[in-house]
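Fold and geometry: a report
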Amino acid sequence: MVKIRTTHHADRVYSVLSDHVSAAQTTVAASWSRSITRYGLDPERSRPPLQLDQAEFSVAFEKIAPLAHLAQETLDRLFQSVGDAGCCILLSDRNGVPLDRRGKVCDDQDFHNLGLWTGMVWSEAGEGTNGVGTSLAEGRALTIYRHQHFMTKNIGLSCAVAPIRDEQGNIIAALDVSNARADHTPGIMKLVAAATCDAAQKIETHYFHKIFCAARILLGPDTPRGPGGLLAIDRDDLVIGANYAARRAHGL
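Every value quoted in this text rests on a predicted model; they were computed, and no experiment measured them. (Residues numbered from 1 in each chain as written. Predicted model: local features only at pLDDT ≥ 70, side-chain atom pairs only at ≥ 80, totals over all residues. Heavy atoms only, no water.)

**Description of the packing of aromatic side chains**
Two descriptors summarise a pair of aromatic rings, namely the distance from one centre to the other and the angle between the planes of the rings. Where we set the bar: Aromatic pairs are defined between Phe, Tyr and Trp rings, using the six-membered ring for Trp, whenever the two ring centres lie within 6.5 Å; interplanar angles under 30 degrees are classed as stacked, those over 60 as edge-to-face, and all others as tilted. Here a strand is any run of E in DSSP of at least two residues, a helix any run of H or I of at least four, and the numbering for each starts at the N terminus. Accessibility here uses a 1.4 Å probe with only protein chains present; expressed as a share of the type maximum, an area under 20% marks a residue as buried, one over 50% as exposed, and anything in between as partly exposed.
A full pass over the atoms with the stated rule returns two aromatic pairs. On the numbers, 6.3 Å between centres and 20° between planes, the contact of phenylalanine 57 with phenylalanine 61 is stacked. Linking phenylalanine 57 with phenylalanine 61, this pair stays in helix H3 (residues 54–82), spanning four residues, or about one helical turn. Phenylalanine 57 sits in the buried class, given a relative accessible area of 17%. Classification of phenylalanine 61 as partly exposed rests on a relative accessible area of 30%. When the ring of phenylalanine 208 is compared with that of phenylalanine 212, the centres are 4.9 Å apart and the planes differ by 50°; the resulting orientation is tilted. Overall, phenylalanine 212 belongs to the buried group, its relative accessible area being 13%.

In structure tokens, the structure reads:
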């Protein structure tokens, strides 16, 4: 691939990918590789993320409206914990589109300029390696810290993201806490990531309880495969539902 590169970050991306072993060794390198080879993206592209129009946004929001409604209290509580540190919170759908948001008014313009706003498309296919898109692509919680982003325009961001799954174990949304401050250290991000995962788990649990509101909900026993997770039991003591953790733990 012959390409003129004008930024240090782009040089680093291509340098890492020139070592074909790297893409198999780290999550970030694998995502950088997908960004170039699968999606045909350029790390120096400067345009903002694509944005849904109002009709598209309404359709997308309607699909996860019950989950978004249940999440409000948890989002408020999470924002109380991280908002003063310059973080914004995004609840995105499974396509990487933020549909609900929390942020300080004094930081709103900066985040809007960066595209961290409702209706913007943060899929990995559109923006390359980023918190929301890569978490959805990998199907797990992760942190993308500053220069780990694929696009040079995004390397000022630090993002901790956790997927949220429905009652069948399928990803339905993602919870993202992002920060654009230069003094936001990896150590701080570890704390933010832990709070993000905890909040995502609470939202997922609330949603499971709502879906199986007429059933008894039991916490299954832990197994060597992982935490026991939640089981929904009907009046005849039959298991009629299991969340993602329970399905993994018990091989359902």
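Past the structure itself, the notes keep going.
**Overview of the side chain of histidine 149**
The condition is simple: N or O atoms within 3.5 Å of each other form a polar contact, as long as, within protein, one can give a hydrogen and the other can take it, and as long as residues adjacent in sequence are counted only when both atoms are side-chain atoms. Contacts were defined at the residue level, with two residues in contact if any of their heavy atoms lie within 4.5 Å.
Here histidine 149 shows up in the loop between strand S3 (142–145) and strand S4 (158–165). With relative accessibility at 0%, the residue histidine 149 sits in the buried group. Here leucine 157 takes part through its backbone oxygen, which lies 3.5 Å from a polar atom of the side chain of histidine 149. Every residue in contact with histidine 149, bar those within four places of it in the chain, is listed here: His9, Trp32, Thr129, Asn130, Gly131, Ile144, Asn154, Ile155, Leu157, Ser158 and Cys159.

**Observations concerning the pattern of salt bridges**
The line we're drawing: When a carboxyl oxygen of Asp or Glu lies within 4 Å of a side-chain nitrogen of Lys or Arg, that pair is called a salt bridge.
According to the stated counting rule, one finds twelve salt bridges in the structure shown. The salt bridge involving aspartate 76 is made with arginine 102; its shortest N-O contact spans 2.7 Å. Separated by 26 residues along the polypeptide, aspartate 76 in helix H3 and arginine 102 in strand S2 (residues 98–102) bring together distant segments of the chain. Using a relative accessible area of 11% as the deciding quantity, one classes arginine 102 as buried. Among the ionic pairs, aspartate 84 bridges to lysine 104, the shortest N-O distance being 2.9 Å. Note that aspartate 84 is positioned in the loop between H3 and strand S1 (87–93) and lysine 104 in the loop between S2 and helix H4 (105–114), a separation of 20 residues in sequence. Overall, the relative accessible area of 60% leaves aspartate 84 in the exposed class. Judged by relative accessible area, which is 30%, lysine 104 ranks as partly exposed.

**Notes on the layout of surface pockets**
Any empty space left between atoms is shown by rolling a water-sized probe over those atoms. To keep things clear, this is the line we draw: Here a cavity means grid points, on a 1 Å grid over the protein atoms only, where a 1.4 Å probe fits yet cannot get out; a pocket means an open set of points with protein on both sides within 12 Å along at least five of seven lines; lining residues are those with an atom within 4 Å of a point. Grid points are joined across faces, edges and corners, and a volume is the space filled by probe spheres set on the points. As a working rule, the residues Ala, Val, Leu, Ile, Met, Phe, Trp, Tyr, Cys and Pro are called nonpolar, Asp, Glu, Lys and Arg charged, and the rest polar, with Gly in that last group.
Considered as a void within the structure, the largest pocket measures approximately 360 Å³ in volume. Taken together, 16 residues line the largest pocket, and the ones lying closest to its centre are Arg165, Gln201, Glu204, Tyr244 and Arg248. For the lining of the largest pocket, the elements supplying multiple residues, two or more each, are S4, helix H7 (186–211) and helix H8 (244–250). Counting residues per element, the lining of the largest pocket draws most heavily on H7, which supplies four residues. Of the residues belonging to the lining of the largest pocket, the class tally is eight nonpolar, three polar and five charged. The calculated volume of the second largest pocket comes to roughly 240 Å³. Lining the second largest pocket are 13 residues, with Lys63, Ile64, Asp93, Arg94 and Asn95 positioned closest to its centre. For the lining of the second largest pocket, the secondary structure elements donating two or more residues are H3 and strand S5 (171–179). Class assignment for the residues of the lining of the second largest pocket results in six nonpolar, two polar and five charged.

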